[in-house]
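In case you want the letters, here they are:
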Amino acid sequence: MILVAGGTGRLGALVVRRLVERGLDVRVLTRDPARAAGLAGPSVEVAQGDVRDRASLERAAAGVDVVVSAVHGLVGPRANSPATVDRDGNANLVDASKAAAADFVLVSTVGAAPDSAMELFRMKYAAEQYAAASGVPTTVVRASAFMELWIELLRQTAGRSGRPLVFGRGENPVNFVSVGDVAELVERAVTDRTTRGQTLEIGGPEDLTLRQLAEAVQAAAGRTAGARHVPRPMLRVMAQTVGRVKPQLGRQAAAALAMDRMDLTFDAGPIHRAYPELSMTSLAKVLANDERS
Ligand SMILES: NC(=O)c1ccc[n+]([C@@H]2O[C@H](COP(=O)([O-])OP(=O)(O)OC[C@H]3O[C@@H](n4cnc5c(N)ncnc54)[C@H](OP(=O)(O)O)[C@@H]3O)[C@@H](O)[C@H]2O)c1
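Just so you know, these numbers come straight off a predicted model, no measurement behind them.

S.K.: Outline the pattern of salt bridges, supporting the account with residue identities and numerical values.
M.R.: For the structure shown, the criterion picks out 17 salt bridges. Residue Arg10 is joined to Glu152 by a salt bridge in which the shortest nitrogen-to-oxygen separation is 3.2 Å. One end of the pair, Arg10, is in helix H1 (residues 10-21); the other, Glu152, is in helix H5 (residues 147-158), and 142 residues separate them in sequence. Judged by relative accessible area, which is 35%, Glu152 ranks as partly exposed. Across the pair Arg196 and Asp103 runs a salt bridge whose closest N-O atoms are separated by 2.8 Å. With Arg196 in the loop between helix H6 (179-191) and strand S10 (199-202) and Asp103 in strand S5 (residues 103-109), the pair connects residues that are 93 residues apart, well separated along the chain. Taken individually, Arg196 and Asp103 each receive the classification buried, so the pair is uniform in this respect. Linked through salt bridges whose partners overlap, the residues forming this network are Arg18, Arg22 and Glu187.

S.K.: Summarise the nonpolar core; cite the residues concerned and give the values.
M.R.: Counting residues in each nonpolar core, the largest one holds 33 residues, and the members touching the most others are Leu11, Val186 and Ile202. Going through the elements one at a time, strand S1 (2-5), H1, strand S2 (26-30), strand S4 (66-69), S5, strand S6 (138-143), H6 and S10 are the ones with two or more residues in this core. When residues of this core are assigned to their parent elements, the largest contribution, seven residues, is made by H6. Every residue in contact with Ile202, bar those within four places of it in the chain, is listed here: Val110, Val141, Arg142, Ala143, Ser144, Val177, Asp181, Val182, Leu185, Phe266, Ile271 and Leu278. Residues Leu154, Leu213, Met262 and Leu283 belong to the second largest nonpolar core, which totals 24 residues.

S.K.: Can you break down the side chain of Ser108 residue by residue, with the values?
M.R.: Here Ser108 shows up in strand S5. The buried category is assigned to Ser108, whose relative accessible area is 3%. Here Ser108 is in contact with Lys124, Glu128, Val140, Val141, Arg142 and Ala143, once residues within four sequence places are set aside.

S.K.: Go over helix H8 (residues 232-245), please, and point to the residues and values.
M.R.: For H8, which comprises 14 residues, the first-to-last C-alpha distance of 20 Å matches the rise-based estimate of 20 Å (1.5 Å per residue) to within 8%. If you look at H8, its biggest bend is around 30°, right at Met238. Among all positions in H8, only Arg232, Leu235 and Gly243 are buried. Looking at the buried positions of H8, the neighbouring elements they touch are strand S8 (165-167), strand S12 (228-230) and helix H9 (247-259).

S.K.: So what's going on with the packing of H5 against helix H7 (residues 210-220)? Which residues, and what values?
M.R.: Viewed as axis vectors pointing N to C, H5 and H7 meet at an angle of 70°, and their least axial separation amounts to 10 Å. Here H7 runs roughly perpendicular to H5, going by the angle between their axes. H7 is crossed by H5, and the crossing has right-handed handedness. For the pair formed by H5 and H7, the contact residues are Trp150, Ile151, Leu154 and Arg155 on the first element and Leu210, Leu213, Ala214 and Val217 on the second.

S.K.: For H7, give the residues involved together with the corresponding values.
M.R.: When H7 is considered as a whole, its buried residues turn out to be Leu210, Leu213, Ala214, Val217 and Gln218. The arc enclosing the buried residues of H7, seen along the axis, measures out at 135°, which places them on a common side. Exposed and facing more than 90 degrees away from the buried side of H7 are Glu215 and Ala219. Phi turns positive one or two residues past the end of H7, at Gly222, with a value near 75°.

S.K.: For the sheet that holds S4, give the residues involved together with the corresponding values.
M.R.: Taken in spatial order, the seven strands make up an open sheet running S3-S2-S1-S4-S5-S6-S10, and their pairing is parallel. The open sheet has two edge strands, strand S3 (44-48) and S10, and neither has a second partner. When the angles between neighbouring strand axes are averaged without regard to direction, this sheet yields 20°. As defined by bridge partners, S4 adjoins S5 across four bridges and the pair is classed as parallel. Pairing of Ser69 across the sheet is with Leu106, part of S5. Docked against the sheet, helix H3 (residues 82-99) engages S1, S4 and S5, running at close to 165° with respect to S5.

Rules and cut-offs
- Residues numbered from 1 in each chain as written.
- Predicted model: local features only at pLDDT ≥ 70, side-chain atom pairs only at ≥ 80, totals over all residues.
- Heavy atoms only, no water.
- Salt bridge = Lys/Arg side-chain N within 4 Å of Asp/Glu carboxyl O.
- Helix = DSSP H or I, 4+ residues; strand = E, 2+ residues; numbered from the N terminus.
- Buried < 20%, exposed > 50% of the residue type's maximum accessible area, 1.4 Å probe, protein only.
- Core = buried A, V, L, I, M, F, W, Y, C linked by side-chain atoms within 4.5 Å.
- Contact = heavy atoms within 4.5 Å.
- Expected span 1.5 Å × (residues − 1).
- Bend = angle between axes of the 7 residues up to and from the residue.
- Axes fitted to C-alpha atoms, helices over the stretch in contact; angles between N-to-C directions.
- Parallel < 35°, antiparallel > 145°, perpendicular 65-115°, else oblique.
- Left-handed = near helix turned anticlockwise from the far one by under 90°.
- Arc of directions from axis to C-beta.
- Pairing = 2+ DSSP bridges.

What follows is the structure, given as structure tokens:
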């Protein structure tokens with residue numbers, strides 16, 4: 001039995017499907033069982049719980065062989081934050097794995113580091129460290145930015161104006177990976193115990209600026225209008241002032257500012273040399289698949 005915390009999310013739902021297709025039994029941890037309705041099936045159980053609530057995790061992890069963490073607290077609400085979810089919640093999942101004598105697979109971020117400008121990356125690093133010190137057999141899968149998430153954000157913000165919204169200048173190159181490729185690697189990490197003790201880093205074939213990504217999304221929709229931009233000074237005000245009243249908005253503005261200038265490039269060569277069968281899906285392919293569906 002595999003417990004997938006975050007199994008209702010963009011990545012987690014793909015991981016659940018892949019594990020089920022492999023014939024494994026899966027338990028999905030969610031705060032709201034209604035969110036897991038689309039995953040229902042004879043080999044899928046749903047456990048209601050919250051990574052901030054240790055007792056709920058002990059129940060959910062009972063009898064489990066591997067615990068997968070695909071959660072994050074970047075977008076709230078309220079006290080759901082990188083500190084409470086990505087750092088402390090993951091530490092709770094590590095403890096629950098230990099109590100159940102289960103292995104642990106942690107989904108983290110490329111660039112996770114103790115001194116990162118991005119709070120999320122610092123909290124992911126803390127979780128990686130906690131898992132490493134715990135003695136629980138752990139595989140870390142670090143991923144770059146999910147292409148499908150950013151395509152969706154650009155499409156949504158284009159709305160009626162037909163012009164997507166880019167936070168900041170949008171001229172910083174960022175590595176984007178297709179979430180399906182990440183799910184493939186997470187499946188491998190769950191089922192291949194020789195990966196324990198390793199950190200596997202996955203990215204996509206291209207480093208693109210948000211401006212370039214917006215242009216590609218526009219072209220795929222048959223539009224030519226350029227993106228609108230939220231200027232950096234406005235993001236700073238949002239991070240500092242609005243963030244006092246609405247912490248999750250402040251966090252998102254701070255993350256957008258960091259994303260506009262941090263080094264977020266990535267070389268996907270090493271992971272594909274280590275796992276030649278792993279898919280490497282291009283932006284063009286993701287956009288073409290969307291058009292067909
Ligand atoms: N998005 C990216 O660009 C990106 C890049 C690199 C790495 N990652 C990592 O990949 C993983 C999946 O990201 P995603 O974008 O697919 O996530 P997502 O679609 O935003 O889903 C987030 C998941 O976290 C769960 N969650 C949040 N707070 C929770 C809590 N307190 N207790 C239990 N579950 C909680 C949610 O479950 P319920 O709402 O059902 O409770 C949901 O399933 C995360 O670890 C993320 O940090 C993401």
